[in-house]
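If you want the building blocks of each chain, they are given just below.
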Amino acid sequence: MKFEVTENQSHLKSKTMTKIKQLSFNGKVIYCGLDVHKTNWKINARMEGIEMAAFSQNPDPLLLKNYVAKNYPGAELKVVYEAGFCGFEIQRSLTSLGIECIVVNPADVPSGDKDRKRKDDKRDARKLSIELAKGNLKGIYIPNKQMQDARSLVRQRHRLVQDQTRCANRIKHLLLSNGIKTGVQSERLSVLFIKKIEQLDYGSLWLKASVKFAIEQYLQIRRILKEITLAIRNLSKQEPFIKVQEILQSIDGIGLINGMVIQTEIGDIGRFKRLDSLCDYAGLVPDIYSSNDKTVIRGISKRRNEFLRETIIESSWTLIRKDPAMLMKYNEYRSRMNANKAIVRIAKHLLSRIRFLWKNEQTYVRGIVA
């Protein structure tokens, strides 16, 4: 009799194990928030409003996929993380594994006062998973790998230009702070200017060495800058850049570098269904605060693509010098506002032209005001 009871219990245990093996989460969605770091990921997963798991793992997309497949077989996984140092490689890796993943602007994640004052990685991951499950998060645009690599090259040139300016200012500061007169009217660091300051009497070997090393650093950056400019020029003659660059560089005020900045920062012009969306992306819209019947315009928005906005503004100043129609439009704006506000209006016209010509694959015709 005892043997029969044991046999029945074994049979029940066997049936239970069979049920566990048949566990399925088909049709269910697990929303997963990632707080990513170089050495680990803080992960928070929830399903149907219930927090299912909160843990830390090595930064490996396959580990996350295997964890979900093992513990929640058949469940669909949706992942979100904030844009930052890690770029888009995590998103691409997860997507290649069949996992839906978006990257969000940290400023777009709803955050309460408690979240800001009691911030930690677990709380950040939980906040992301909650907002993803609610449908409150919108992913930013993910450029294709080729366009992202080209963008990196163009941005590197921008940083080298900044470094070159800093080096030039250091040289001028060394001369000025030590009372060294160059005897050259123009302080632009031309070949003539550099040769002149190399021959000056500094009265001290140490000061002369300081100026010498500063000049060597400046010349090295200038040499690298020439090489990277040549690389960008060669890149602009390849697909998918050559056709778009022909269109962009036909516009007065846009040359090789500005054209490549515009194309690599925008990526796909078709993603902007309206001009307002493109202006918003570039940061050429006002920062507005409105409450009840009171509306305050606090100047141009601080939210922008800094590379694109700087380039469009720079090109606009050149445009009004070359295109009489745009100069007339600028003067019209200047009659009722200051120069900086007026050039922002011209920049919007320039963006309008860029969008129209790019989408319709047409070259620029001077004298038409958008």
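Here the structure is a predicted model, which means the values were calculated and not measured.

Visitor: I'd like to hear about the packing of helix α6 (residues 145-177) against helix α10 (residues 256-266), residue by residue, with values.
Guide: The packing of two helices is summarised by the inter-axis angle and the distance between the axes. At a minimum axis distance of 9 Å, the contact between α6 and α10 shows a crossing angle of 140°. Classified by the interaxial angle, the pair formed by α6 and α10 is oblique. The hand of the α6/α10 crossing is left-handed. Residues Met 147, Ala 150, Arg 151, Val 154, Arg 155 and Arg 157 of α6 form the contact with α10, whose own contacting residues are Ile 257, Met 260, Val 261, Gln 263, Thr 264 and Glu 265. For the contact of α6 with α10, the per-class residue count stands at six nonpolar, two polar and four charged.

Visitor: Hey, could you go over the sheet that holds strand β5 (residues 100-104) for me, with residue numbers and the actual values?
Guide: Reading across from one edge, β3-β2-β1-β4-β5 is the order of the five strands in this open sheet, with mixed pairing throughout. Two strands close off the open sheet at either side, each with one partner strand: β3 (50-57) and β5. On average, each strand axis in the sheet is tilted by 20° relative to the strand beside it, whichever way the strands run. Those strands touched by helix α2 (residues 61-71) are β1 (29-36), β2 (41-47), β3 and β4 (76-82), and its axis lies near 145° from that of β3.

Visitor: Residues and numbers for the state of the cysteines, please.
Guide: A full pass over the atoms with the stated rule returns zero disulfides. Among the cysteines around Cys 86, which has no disulfide bond, Cys 101 carries the closest sulfur, lying 9.4 Å off. Taking the relative accessible area as the measure of exposure, Cys 86 reaches 17% and is therefore buried.

Visitor: Outline the nonpolar core, supporting the account with residue identities and numerical values.
Guide: Nonpolar side chains in soluble globular proteins generally cluster together in the buried interior. By size, the foremost hydrophobic cluster in this structure holds 33 residues, and its most contacted members are Ile 262, Ile 266, Leu 284, Ile 312, Ile 346 and Ile 354. Of all the secondary structure elements, the ones that give two or more residues to this core are α9 (242-248), α10, α11 (275-282), α12 (306-322), α13 (324-334) and α14 (339-360). The element best represented in this core is α14, accounting for ten residues. Beyond its immediate sequence surroundings of up to four residues, Ile 262 is in contact with Leu 248, Ile 254, Leu 308, Thr 311, Ile 312, Ile 354 and Trp 358. Of all hydrophobic cores here, the second largest spans 24 residues; its members include Trp 41, Val 68, Tyr 81 and Cys 86.

Thresholds, definitions, all that
Residues numbered from 1 in each chain as written. Predicted model: local features only at pLDDT ≥ 70, side-chain atom pairs only at ≥ 80, totals over all residues. Heavy atoms only, no water. Axes fitted to C-alpha atoms, helices over the stretch in contact; angles between N-to-C directions. Helix = DSSP H or I, 4+ residues; strand = E, 2+ residues; numbered from the N terminus. Parallel < 35°, antiparallel > 145°, perpendicular 65-115°, else oblique. Left-handed = near helix turned anticlockwise from the far one by under 90°. Contact = heavy atoms within 4.5 Å. Nonpolar A, V, L, I, M, F, W, Y, C, P; charged D, E, K, R; others polar. Pairing = 2+ DSSP bridges. Disulfide = S-S within 2.5 Å. Buried < 20%, exposed > 50% of the residue type's maximum accessible area, 1.4 Å probe, protein only. Core = buried A, V, L, I, M, F, W, Y, C linked by side-chain atoms within 4.5 Å.

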